[in-house]
Amino acid sequence: MEPAPYDPHAWRDPKRLLWLLALAVPTLPFQAGGLVALTHLHVFWWWGPFFAFVLVPLVDWLTGADGTNPPDEAVPFLEADRYYRWCTYVYLPLQFGALVWACGQWADGGLPVADSLGLAVTTAVVAGVAINTAHELGHKREQLERRLSRMALAQTWYGHFYVEHNHGHHVRVATPDDPASSRMGEGFWRFLPRTVWGGLRSAWELERRRLTRRKRAVLGPHNEILTAWALSAALFTALSAVFGLRVLPFLLLQAVLGFCLLETVNYLEHYGLLRQRRPDGRYERVAPRHSWNSDSTVSNIFLFQLQRHSDHHANPLRRYQTLRHFDESPQLPSGYATMILLAWFPPLWRAVMDHRLLTHYDGDLTRTNLHPPLRRRLFVDPDVPLETSADARRGARRAN
């Protein structure tokens, strides 16, 4: 006897309407302007970082974590429900509307430098989270979503992320070969130039190989990196033409801060985690244990569940509303907003994360993705297997 067909009304997503809250992020510049007009307090031009790094962590702490998963039978219906796609689609017009509005404020000339900088930082929060929206869209098979992904990246000049993330990072994640996987003992400020430059080099090499295989010119219209950068150039040129060159420094500032925010997230998602080599020399398959996970409820809503990163890497095509919690995944002690702040202060980060990493690997340093300078300081001969004694662990803390 065949089982009865699944009733899509038997289970409803309790967060269904809450996903609309994610669209509050691209309106942060509008919120800042409204708060300034309402209170006459110019400090609200800095509303974006306050919202992201004070308000969200506070509400995360108050609401706690949510480790529930949708039932397997409901997943096909959730994946097919276009409501969830429209939640990501709408981010883009709000994103670019906020950017145009911010340019109008900078061009007016009435804002003091401190207020203009505050608006630029607020706009950078929108730009950084837009890369996350592009990340969600760029993993999908539909051509519309892939095009929207590339558009969302234009604000930060990070169009090469579309190539590197999908074809580089997801292949090499949690290995020493991946520029976006941070290593144990590697502070964020050391990681940042390595990941920015390494990701750019990797993206260009991947695109060069793709075009060479297809017998197309590397420096031509089929190069997805060049076309993405052309889109950014067109956007910045149009805004400068309309509002004047006065806006250009602020546009560049928000772009740099936006992609630095993205790279901070990269730093915390795989810190020190390492895929082991199989007997044939290849790395083991990506599993949930190779990404740090967080079930902080509010941060997950604002980030389209990016924090359920373990399931994302194990199943890259899964849509955000169906991503699951796994008990085997190493868990961050808090949501991304809090962890980003910790990452900017390496001693605090190491105090919070290094012992969690070692616990995940039962104290075995040989199983971690160890920062090469730290390895050299701990062990004279790199060919000698790493020790896992208490002395070695104390040495790791001293070397950090």
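A few words on the confidence of the model for the protein chain. Any segment with low pLDDT has predicted coordinates that should not be analysed in fine detail. On average, residues of the protein chain score 92 in pLDDT, and 92% of them are at 70 or above. pLDDT under 50 marks residues 380-400. Its contacts with residues more than four places away, or in other chains, come to 25 contacts.

A few words now on the side chain of Q307. Assignment of secondary structure puts Q307 in the loop between α12 (297-302) and α13 (309-314). Among the polar contacts made by the side chain of Q307, one reaches the main-chain carbonyl oxygen of S296 at a distance of 3.3 Å. Of the polar contacts made by the side chain of Q307, one reaches the backbone nitrogen of Y336; its length is 2.6 Å. Residue contacts for Q307: discarding those within four places in its chain leaves W292, N293, S294, S296, S299, N300, G335 and Y336.

Proteins that are soluble and globular tend to have nonpolar side chains buried together. Counting residues in hydrophobic clusters, the biggest one holds 82 residues, and the most contacted among them are Y91, W106, L251, Y271 and W349. Of the residues forming this core, the biggest block, ten residues, is contributed by helix α11 (residues 248-269). Not counting residues within four places of it along the chain, the set of residues in contact with Y271 comprises S182, R183, M184, G185, E186, W292, W349, R350, M353, D354 and L357. Core analysis: the second largest hydrophobic core is formed by eight residues, W19, L78, I301 and F304 among them.

Turning our attention to helix α7 (residues 143-152). Residues three or four positions apart in an α-helix share a direction because the helix packs 3.6 residues into each turn. Turning to α7, its buried residues number three or more, namely E145, L148, S149 and A152. Buried residues of α7, seen end-on, are gathered within an arc of 110 degrees and therefore sit on one face of the element. Tucked into the core, α7 has its buried residues touching α4 (82-89), α5 (91-108), α6 (113-138) and α8 (161-172).

This part covers helix α1 (residues 28-39). With twelve residues, α1 ought to run about 16 Å at 1.5 Å a step, and its terminal C-alpha atoms sit 16 Å apart, in line with that. Among the residues making up α1, those that are buried are L28, P29, A32, G33 and V36. Projection of α1 onto a plane perpendicular to its axis shows the buried side chains occupying an angular sector of 145 degrees, all on one side. Turned more than 90 degrees off the buried face of α1, the exposed positions are A37 and L38. In this structure, the buried residues of α1 make contact with α2 (47-63), α5 and α6. Just beyond α1, the residue with positive phi is H40, at close to 65 degrees.

Right, let's get into a nonpolar patch on the surface. Together, L41, V43, W46, V113 and L117 line one region of the surface with nonpolar side chains, adding up to about 460 Å² of accessible area. With respect to the helices, strands and loops of the structure, V113 is situated in helix α6. Judged by relative accessible area, which is 61%, V113 ranks as exposed.

Rules of the game
- Residues numbered from 1 in each chain as written.
- Predicted model: local features only at pLDDT ≥ 70, side-chain atom pairs only at ≥ 80, totals over all residues.
- Heavy atoms only, no water.
- pLDDT = per-residue confidence, 0-100.
- Contact = heavy atoms within 4.5 Å.
- Helix = DSSP H or I, 4+ residues; strand = E, 2+ residues; numbered from the N terminus.
- Polar contact = N/O pair within 3.5 Å; in protein donor to acceptor, adjacent residues only side chain to side chain.
- Core = buried A, V, L, I, M, F, W, Y, C linked by side-chain atoms within 4.5 Å.
- Buried < 20%, exposed > 50% of the residue type's maximum accessible area, 1.4 Å probe, protein only.
- Arc of directions from axis to C-beta.
- Expected span 1.5 Å × (residues − 1).
- Patch = residues over 30% accessible without salt bridge, like charges linked within 9 Å, V, L, I, M, F, W, Y side chains within 5 Å.
- Areas by Shrake-Rupley, 256 points an atom, 1.4 Å probe, with all protein chains shown as cover.
- Salt bridge = Lys/Arg side-chain N within 4 Å of Asp/Glu carboxyl O.

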